[in-house]
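# Structural characterization, general
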Amino acid sequence: MGEVGLDARFLPRHTWDIQVRVFRTFLELSRDLGAFLNIHAPDAWRSVLGELIQGDVRKAVFHWYTGPVELVDVIGGRGYMISVNPAIKVQEKHARVAQVAPLDYMVFESDAPYSYRGLNLNPLMIREVIDLVAKLKNVDVSDLISRARWNSERLLV
C-alpha cells in the first residue's frame, strides 16, 4: 500500500500547490469509494488533518506520526488512526507519540523495506514494536494486539 498526503519537509516548497491539488483528488476518491488513506505528512500534519476534515474523509491512517502531540486526540476523535513502526526504537518523537496515543486509534506497520538510522525496517520487526509499546504504555501484549487488530479491521470495513 502506498502513501498519499502533503510533504512540507522533504519536497520543495514550490510544489505545495500541486501537492494539494493531487491530494484533494485522493480525498475525493477515498470519500466516494469508502476507502481509507495511508497519510504521509511530514511537517504538514495540521494541513493534512484540515484537508481530511474538509474533504469529509472517514478513514485514514497517519503513517509514522511524529507530529504535534496535541493533535493526537483530534486525529483519533475524527476516527483516524496513528501508525507506529520500528522507528520507535531510535526516534524519540515517535516513542512519545506512541506513549500518549490511546490504544483506540493505534495500529502497527513496518514501513518496509526502508533503512532508517541504522535500522533495516521489515515486517518481522512489528512484534518487537508491539512489545516496546506495551512496555511504554504498561499494558498486556495480548491486549495491545487485540486492540490493534480491531483498529485495523475497522479501517477495512
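Check the entry above for the structure.
Note that the coordinates shown come from a computational prediction; the quantities given were computed from them, not determined experimentally.

How each quantity is defined
- Residues numbered from 1 in each chain as written.
- Predicted model: local features only at pLDDT ≥ 70, side-chain atom pairs only at ≥ 80, totals over all residues.
- Heavy atoms only, no water.
- Helix = DSSP H or I, 4+ residues; strand = E, 2+ residues; numbered from the N terminus.
- Rg over C-alpha atoms; globule rule 2.2 N^0.38 Å.
- Buried < 20%, exposed > 50% of the residue type's maximum accessible area, 1.4 Å probe, protein only.
- Contact = heavy atoms within 4.5 Å.
- Areas by Shrake-Rupley, 256 points an atom, 1.4 Å probe, with all protein chains shown as cover.
- Core = buried A, V, L, I, M, F, W, Y, C linked by side-chain atoms within 4.5 Å.
- Phe/Tyr/Trp six-rings, centres within 6.5 Å; stacked < 30°, edge-to-face > 60°.
- Right-handed = clockwise from strand over helix to strand, strands pointing away.
- Pairing = 2+ DSSP bridges.
- Axes fitted to C-alpha atoms, helices over the stretch in contact; angles between N-to-C directions.

## Side note on the overall build of the protein chain
Helix and strand content of the protein chain: 6 helices and 7 strands. Written out in order from the N terminus, the α and β elements of the protein chain read β-α-β-α-β-α-β-α-β-β-β-α-α. Taken against the 2.2 N^0.38 rule, which gives 15 Å for 157 residues, the C-alpha radius of gyration of the protein chain at 15 Å falls within 12% of a compact globule. Taking the principal axes of its C-alpha atoms as reference, the protein chain extends roughly 45 × 35 × 30 Å. Counting all 157 residues of the protein chain, 46% fall into the buried class. Taking contacts inside the protein chain between residues at least 6 apart in sequence as the whole, the part at least 24 apart equals 59%. Accessible surface, the protein chain as shown: approximately 8500 Å² in total, 54% of it carbon and sulfur.

## Some remarks on the nonpolar core
Core analysis: the biggest nonpolar cluster contains 44 residues, and Ile39, Val48, Leu52, Phe62, Tyr65, Phe108 and Val133 have the highest contact counts within it. In contact with Val133, not counting residues within four places along its chain, are Val84, Ile88, Ala98, Met106, Phe108 and Leu144. Tyr116, Leu119, Leu121 and Met125 belong to the second largest nonpolar core, which has 6 residues in total.

## Some remarks on the packing of aromatic side chains
One pass over the structure, following the stated rule, counts 7 aromatic pairs. Consider the rings of Trp45 and Phe62, whose centres lie 6.4 Å apart with planes at 35°: the pair is tilted. Here the residue Trp45 occupies a position in helix H2 (residues 45-54), and Phe62 occupies one in strand S3 (residues 60-62), the gap between them amounting to 17 residues. Look at Trp45 and you get buried, because its relative accessible area is 6%.

## So, the pairing of strand S4 (residues 81-84)
Walk down a regular strand and you will see the side chains alternate between the two sheet faces. Burial along S4 is two-sided: Met81 and Ser83 facing one way and Ile82 and Val84 facing the other are all buried. Considered for its hand, the β-α-β crossover made up of S3, helix H3 (residues 72-77) and S4 is right-handed. When S4 meets strand S5 (residues 106-108), the two strands line up parallel, connected through 3 bridges. Within the sheet, the bridge partner assigned to Ile82 lies in S5 and is Met106. Tracing the backbone out of S4, into helix H4 (residues 92-100) and back to the parallel element S5 gives a crossover that is right-handed.

## Quick word on the sheet that holds S4
As a general point, the strands of a sheet are linked pairwise by backbone hydrogen bonds and lie either parallel or antiparallel. Taken together, the 5 strands give an open sheet; going across it, the order is S1-S2-S3-S4-S5, and neighbouring strands pair in parallel fashion. The sheet is open, and its two borders are formed by strand S1 (4-5) and S5, each paired with just one other strand. The pairing of S1 with strand S2 (residues 37-40) spans 2 bridges and is classified as parallel. Bridging from a neighbouring strand, Val4 pairs with Ile39 of S2. The strands touched by H2 within the sheet are S2 and S3, with S3 carrying the most contacts at an inclination of about 175°.

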